[in-house]
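Listed here are the chains, written in short residue letters.
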Amino acid sequence: MCKSCPTLPADALLPGHVTDAGHEWEYPVSRYVLWFDQYEESHRARVGGKNASLGEMIGAGLPVPPGFAVTTEAYHTLRSHSDLTHKVRRVLGEIDLRDPVGLRRNADYIRKLIEAIPIEPEIEHDIRQAYAALCERCGVDDVPVAVRSSATAEDLPDASFAGQQDTYLWITGADAVVENVRRCWSSIFTDRAISYRHETGHDHEVISMSVGVQKMVEPKAAGVAFTLNPSDGDRSQIAIDSSWGFGESVVSGEVTPDNFLVDKVLFEIVNRTISPKDIEYRLNGAGQVESCPVDGDRKTQPSLSDDDIKSVAAMAKRAERHYGSPQDIEWAVDVHLPEGENVILLQSRPETVWSRKPRKQVARGGGFMDGIVSTLLSPVHTRPKAETVEDVPLRSAPTSDKVEESPM
């Protein structure tokens, strides 16, 4: 099993800066590759919503594993294949959204067309070169990575495309990275993505795709967290869902996760629900991620310690303060990192349900004492919080090209 490299502060990983291993990292310059810790806001259209979020989080000093984005310019080269463009447009024109079986069949056909197109030699060279640099940076041969789709339509204010394109976990070796970049490109035409774009009025022909290649975390536990209570919108609480192993079992709904509610001010755990967890995603002997039964007493044991719960909550709150709005985050506890440095932020996106609703007033009445009495009578973890307080410190310190009118 490969040893995981530690998550390093963003300022220690910029070109020309010395890492704690005493090395200076100079990134290969490429039109088709952008490292997350080189990200600036002007790059958003080139790397999509998911990769932009990773770049922002690293820039804010949040504990995010290193990696790079294959930019949308690489995806745009598919449009130079006129026969492919014509076939995709024709199939999209024939799709009947009322026929889910036919929709899936046509979506699969489009994906096979895209995956049959060879990646241009310059792009493939740049991906391989960047992956080799990531391996060197982590000190691991064939470092395991997640290869994640990052479409330019993700996390728009009027729609959420999250989860509609593919992610491939625990990919090792340059050949596999290149192949899974191609598969991410094709996943812009999953049946779910096609249907959702139609329902929300987003044009197939202006969507583009970047791909993130990020050092993989091997979690002993993972899940999601909201910086409000998703059951009632209470912004004074942080809600954490957790299960053993990789977070796919939580995101996909295959297990009922443990749930913890944490007071955002006092960082007390105000409620905990421990659920039976029958399966977990973990590595097998071949280094592949697979679904496995949870052994013995672990089924009913908490998947997080109290210290880990508070670390996840503190990290989530820090992300909320950075973005200035309630967040929906994905996190993991890495088995290779020491206690106090092992809670890793994988992704953060705006919470899109309760945060759009008007916030309730905390106190009614016009007097100064009315507000104080209301505060004393209503515990902080049972009512919406009107103001943001200072963070509790974490335990660990851890140009847009014009898109052509084409269906891809």
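Further up the page is the structure itself.
A quick note: this is a predicted structure, and the numbers were derived from the prediction, not measured. (Residues numbered from 1 in each chain as written. Predicted model: local features only at pLDDT ≥ 70, side-chain atom pairs only at ≥ 80, totals over all residues. Heavy atoms only, no water.)

Student: Help me out: how do you make sense of the environment of His-336 in this one?
Tutor: The topology assignment puts His-336 in the loop between β12 (327–334) and β13 (343–350). His-336 gets classed as partly exposed once you look at its relative accessible area, which sits at 30%. A sequence separation of 116 residues divides His-336 from Lys-220, and the C-alpha atoms of the two residues are 9.2 Å apart. (Helix = DSSP H or I, 4+ residues; strand = E, 2+ residues; numbered from the N terminus. Buried < 20%, exposed > 50% of the residue type's maximum accessible area, 1.4 Å probe, protein only.)

Student: Looking at this model, I keep getting lost on the nonpolar core. Mind explaining?
Tutor: Nonpolar side chains in soluble globular proteins tend to end up buried together. Of all hydrophobic cores here, the largest spans 47 residues; its most connected members are Phe-68, Val-145, Trp-185 and Phe-189. Tallying contributions element by element places helix α5 (residues 121–138) first for this core, with 8 residues. Leave out the neighbours within four places in its chain, and Phe-68 touches Val-33, Leu-34, Trp-35, Phe-36, Ile-127, Ala-130, Tyr-131, Leu-134, Val-211, Gly-212 and Val-213. By size, the runner-up hydrophobic cluster in this structure holds 32 residues, among which are Val-47, Ala-69, Ile-240 and Ala-314. (Core = buried A, V, L, I, M, F, W, Y, C linked by side-chain atoms within 4.5 Å. Contact = heavy atoms within 4.5 Å.)

Student: Looking at this structure, I do not really get the pairing of β12. What am I missing?
Tutor: Looking along a regular strand, one sees the side chains alternate between the two faces of the sheet. Buried residues dominate β12, accounting for 8 of its 8 residues. Here β12 shows two buried faces, one formed by Gln-327, Ile-329, Trp-331 and Val-333 and the other by Asp-328, Glu-330, Ala-332 and Asp-334. Two strands pair when backbone bridges link them, and β12 and β13 are joined in this way by 7 bridges, in the antiparallel orientation. Paired with Asp-328 across the strands is Arg-349, a residue of β13. (Pairing = 2+ DSSP bridges.)

Student: Would you mind showing me how to read helix α4 (residues 100–115) here?
Tutor: Owing to its 3.6 residues per turn, the α-helix brings residues three or four apart onto one side. Relative to the 22 Å expected for 16 residues at 1.5 Å per residue, α4 spans 22 Å between its end C-alpha atoms, a close match to the ideal helical length. Along α4, the positions that sit buried rather than exposed are Gly-102, Leu-103, Asn-106, Ala-107, Ile-110, Arg-111, Leu-113 and Ile-114. Where α4 is buried, its residues meet α3 (82–94), β4 (167–171), α6 (174–186) and α7 (191–200). (Expected span 1.5 Å × (residues − 1).)

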